[in-house]
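# Descriptive analysis of the structure
Below, each chain spelled out in residue letters.
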Amino acid sequence: MNTFQDLGLQDNLLQAINDLGFTKPSEVQDKAIPILLNSETDLVALAQTGTGKTAAFGFPMLQKINMDSRTTQGLILSPTRELCLQITNEMKLYGKYCKGLNVVAIYGGASITEQAREVKRGAQIIVATPGRMKDMISRRLVDISKIEYSVLDEADEMLNMGFYEDITSILSHTPDDKSTWLFSATMPKEVAAIAKKFMYDPEEITVGQKNVGSKNVSHEYYLVNSRDRYQALKRLADANPDIFSVVFCRTKRDTQKVAEQLIEDGYNAGALHGDLSQNQRDLVMKSFRNKQIQMLVATDVAARGIDVDDITHVINYQLPDEIETYTHRSGRTGRAGKTGVSMVIVSKSEVRKIKSIERIIKKQFVKKDIPDGTMICEIQLMSLANKVHNTEINHEIDKHLISINELFEDTSKDELIKKFFSVEFTRFYNYYQKARNLNVSDNGRDESSSSSTRYFINVGRKDGYDWMSLKDFLREVLELGKDDVFKVETKDSFSFFNTEPEHQQKVLDFFTDFKYNGRYVNVEISENRSRNRKRDGRRGGGKRDDKRSDKHSGSRRNSSKRSNKKVKRSNSGNFGASRPRRSRR
Ligand code: AMP
């Protein structure tokens, strides 16, 4: 392997490399830098983010442009504002000993006048997002008619984001004899088409295999019921106490919802999606970078700019619509020589997609089980023990030591340790004590439902409920958490639902003598699920329901108790919902 000196870089750049602590070139640098320094060629480089590709095009560009001229000679197009700023910063660091260098970032969501002013001061290199760049060209605020080097960074992502037209328009304002360097993690046909249209006989280099994810990333999938997706996510987080992750959702709505739920449940989480203002997005990214946020819940588009090196886990809360996108997602971890894990939470209907992804990434997934409560408690306890062990002592405590010692005079060391750990641990233990098995076995059997309790309730669609509104109603009146009522099935005049056995007594007690809109609502324990199916059929007609109503309209006791349980009805025909807060995670 070459050293940076071997690649032919000048002293002022080597000095910057030394300051940055880069000891040897990465693969893409080793391959690209000599080509770009020694010829005026076009280049197509297939390389993931995190491979050091910014330096692979950055150093040659810095060495080749004329710092004495104020003309714009280099243009770097990148898909997002975050990435644009990241590249600008890196270029400034790489060029810190290049006298006279001015690198300017051009991106949407910030003052165009200010950016124009910076360009006017003489920017040899412009790093831009396509939308704002096109805008500035049309307003004649930049001149790129003399550029010698153009870089299309993360070309596949720019095309995914619909920038084809903008890129074409921008490049039409550049000279034909410039060199174009295209960097892309994947090579879909759209990128190949761009290369063909804008480049002349390009050199090609590939780092790793085409379209293949980083070798530092291992891939795992967890098969659960759709309704357990969120619970599964929480367990994965709890089983990895030092997690620093991006959680991918398919829609902005889900992204916001999952982030809110995580925050409500006590996790350090934040949402990143297109409905947030630029300011909000910047704040979230800032918190993520300095690790105040451990779980960044993001959409694919919003996550494109995330360029953080030490992400430990990528969690696919839902798989992307386009399975190629998985490569981008998993590429957020395992960067800069570190290892990472890409986890996928799948339901039975999606599990076949795993095979298709394996074909694309040319790697096998490992099927893993969502850890059970005991395992998580053990992990959390040991993590806490390690944290305590590694904690630096705060000597402010010294002056209180005498009184503390007095308090624990009769407490043995073991007892003291147990008490100390119980402060934190008991919360976890209580929560996970009766935790269900969330896994669905390979043969599709739901391992989670066998122990739950199934109920019959004599309200159904005729009463204005669908499964969602009935679930909301039950959760509300029973004051249960959002995942505590599940498998809600509404029929015409009756319905079924499940809870964990621990809630059984509460449910039955609550619905004893429960009256709603002048009618008694009856809840009974039903038989297990497989038998329910048959019974569901039998109950299709109104007969049995009528019988049940008759029963309720007959002898009722405890009328004073009943009145306490009358609940206000909301406009939708359901009960107004103030969400019960979980007391803990
Ligand atoms: P990139 O692929 O350009 O986003 O780079 C990923 C990260 O690797 C950045 O934080 C760079 O500063 C860092 N990096 C780039 N080249 C090297 C190198 N040769 N040795 C160590 N780190 C590097």
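For the structure, check the block above.
Residues numbered from 1 in each chain as written. Predicted model: local features only at pLDDT ≥ 70, side-chain atom pairs only at ≥ 80, totals over all residues. Heavy atoms only, no water.

### Looking at the overall build of the chain
The helix and strand inventory of the chain stands at 23 helices and 20 strands. Taking all 585 residues of the chain together, the buried fraction comes to 52%. A sequence separation of at least 24 residues applies to 77% of the contacts in the chain between residues at least 6 apart. Accessible surface for the chain amounts to roughly 28,600 Å². Of this, 48% is attributable to carbon and sulfur atoms. (Helix = DSSP H or I, 4+ residues; strand = E, 2+ residues; numbered from the N terminus. Buried < 20%, exposed > 50% of the residue type's maximum accessible area, 1.4 Å probe, protein only. Contact = heavy atoms within 4.5 Å. Areas by Shrake-Rupley, 256 points an atom, 1.4 Å probe, with all protein chains shown as cover.)

### Side note on the site of the ligand
Around the ligand, a shell composed of 15 residues is seen, among which Gln29, Gly50, Gly52, Thr54 and Asp309 lie nearest. Here Lys24 contributes a backbone N or O atom positioned 2.9 Å from a nitrogen atom of the ligand. Residue Glu90 places a side-chain N or O atom 3.4 Å away from an oxygen atom belonging to the ligand. Split into classes, the residues belonging to the shell around the ligand amount to two nonpolar, seven polar and six charged. Viewed by domain, the shell around the ligand spans two of them, domain 1 (5-206) and domain 2 (217-372), each represented by three or more residues. (Near = heavy atom within 4 Å. Polar contact = N/O pair within 3.5 Å; in protein donor to acceptor, adjacent residues only side chain to side chain. Nonpolar A, V, L, I, M, F, W, Y, C, P; charged D, E, K, R; others polar. Domains from an automatic or database assignment.)

### Points about the environment of Ala385
With respect to the element layout, Ala385 can be found in helix α16 (residues 373-390). Relative accessible area serves as the criterion here: at 23%, Ala385 is assigned to the partly exposed category.

### Quick word on the sheet that holds strand β6 (residues 179-184)
Pairing is parallel across the open sheet formed by seven strands, whose spatial order is β3-β4-β2-β5-β6-β1-β7. Sheet topology places β3 (103-106) and β7 (203-206) at the edges, where each strand pairs with a single neighbour. Pairwise comparison of adjacent strand axes, ignoring direction, gives a mean angle of 15° for this sheet. As judged from the four bridges shared by β3 and strand β4 (residues 125-128), these two strands associate in the parallel manner. Bridge pairing links Ala105 to Val127 in β4. Along the sheet face, helix α3 (residues 53-64) touches β2 (74-77), β4, β5 (149-152) and β6 and points at about 165° away from the line of β6. Relative to β3, helix α4 (residues 81-94) is tilted by about 175°, and along the sheet it contacts β2, β3 and β4. (Pairing = 2+ DSSP bridges. Axes fitted to C-alpha atoms, helices over the stretch in contact; angles between N-to-C directions.)

### Side note on α16
Taking 1.5 Å per residue as the helical rise, α16 with its 18 residues ought to reach 26 Å, and the 26 Å between its terminal C-alpha atoms agrees with that figure. Considered for burial, the residues of α16 that qualify are Gly373, Ile376, Cys377, Gln380 and Ser383. In a view along the axis of α16, the buried residues occupy a sector of 130°, so they form one face of it. Facing away from the buried side of α16 by more than 90 degrees, the exposed set consists of Thr374, Glu378, His389 and Asn390. Elements in contact with the buried residues of α16: α10 (229-238) and α18 (413-432). (Expected span 1.5 Å × (residues − 1). Arc of directions from axis to C-beta.)

### Looking at the packing of aromatic side chains
Counted by the stated rule, this structure contains 19 aromatic pairs. Each ring, one from Phe22 and one from Tyr94, has its centre 6.3 Å from the other, and the planes form 70°; the classification is edge-to-face. One end of the pair, Phe22, is in the loop between α1 (11-20) and α2 (27-38); the other, Tyr94, is in helix α4, with 72 residues separating them in the sequence. On the basis of relative accessible area, Tyr94 is assigned to the buried category, the value being 3%. Each residue in the set Tyr465, Phe473, Phe510, Phe511 and Phe514 is aromatic and connected to the rest through ring pairs, giving one cluster. Across the ring face of Phe244, the terminal group of Lys291 is positioned such that the distance to the ring centre comes to 4.8 Å. (Phe/Tyr/Trp six-rings, centres within 6.5 Å; stacked < 30°, edge-to-face > 60°. Lys NZ or Arg CZ within 6 Å of the ring centre and 35° of its normal.)

### A short note on α2
Taking 1.5 Å per residue as the helical rise, α2 with its twelve residues ought to reach 16 Å, and the 18 Å between its terminal C-alpha atoms agrees with that figure. Those residues of α2 not exposed but buried are Val28, Gln29, Asp30, Ala32, Ile33, Ile35, Leu36 and Leu37. Check the buried side of α2 and you find it contacts β1 (43-46), α3, β6 and β7.

### Observations concerning a nonpolar patch on the surface
Nonpolar side chains collect at one region of the surface, where Leu20, Phe22 and Leu93 lie side by side and expose about 210 Å² of accessible area between them. Following the sequence through the fold, Leu93 ends up in helix α4. In this structure Leu93 comes out as partly exposed when scored by relative accessible area, which is 39%. (Patch = residues over 30% accessible without salt bridge, like charges linked within 9 Å, V, L, I, M, F, W, Y side chains within 5 Å. Salt bridge = Lys/Arg side-chain N within 4 Å of Asp/Glu carboxyl O.)

### Concerning the pairing of β2
Along β2, one buried face is formed by Gly74 and Ile76 and the opposite face, lined by Leu75 and Leu77, is buried too. As paired strands, β2 and β4 are joined by four bridges and run parallel to one another. By the bridge assignment for β4, Ile76 is matched with Val127. As paired elements, β2 and β5 share four bridges and run parallel to each other. Within β5, the position partnered with Ile76 by the bridge is Val151.

### Focus: the sheet that holds strand β13 (residues 340-346)
One open sheet accounts for seven strands, arranged β10-β11-β9-β12-β13-β8-β14; its pairing is parallel. The open sheet has two free edges, formed respectively by β10 (269-272) and β14 (366-367), since each of these has just one partner strand. Pairing analysis gives four bridges linking strand β9 (residues 245-248) to strand β12 (residues 313-316), with the strands arranged parallel. Within β12, the residue paired with Ser245 across the bridge is His313. Helix-sheet contacts for α10 involve β8 (217-223), β9, β11 (295-298), β12 and β13, and the interaxial angle to β13 is about 160°. Lying over the sheet, helix α11 (residues 252-264) contacts β10 and β11, oriented at roughly 165° with respect to β10.

### Describing the packing of α10 against α18
How two helices sit against one another is set out by the angle between their axes and by the gap between those axes. Where α10 meets α18, the axes come as close as 14 Å, and the angle between the chain directions of the two elements is 145°. For the crossing formed where α10 meets α18, the hand is left-handed. Contacts between α10 and α18 involve Gln231, Lys234, Arg235 and Asp238 from the first element and Phe428, Tyr431 and Tyr432 from the second. Class assignment for the residues of the contact of α10 with α18 results in three nonpolar, one polar and three charged. (Left-handed = near helix turned anticlockwise from the far one by under 90°.)

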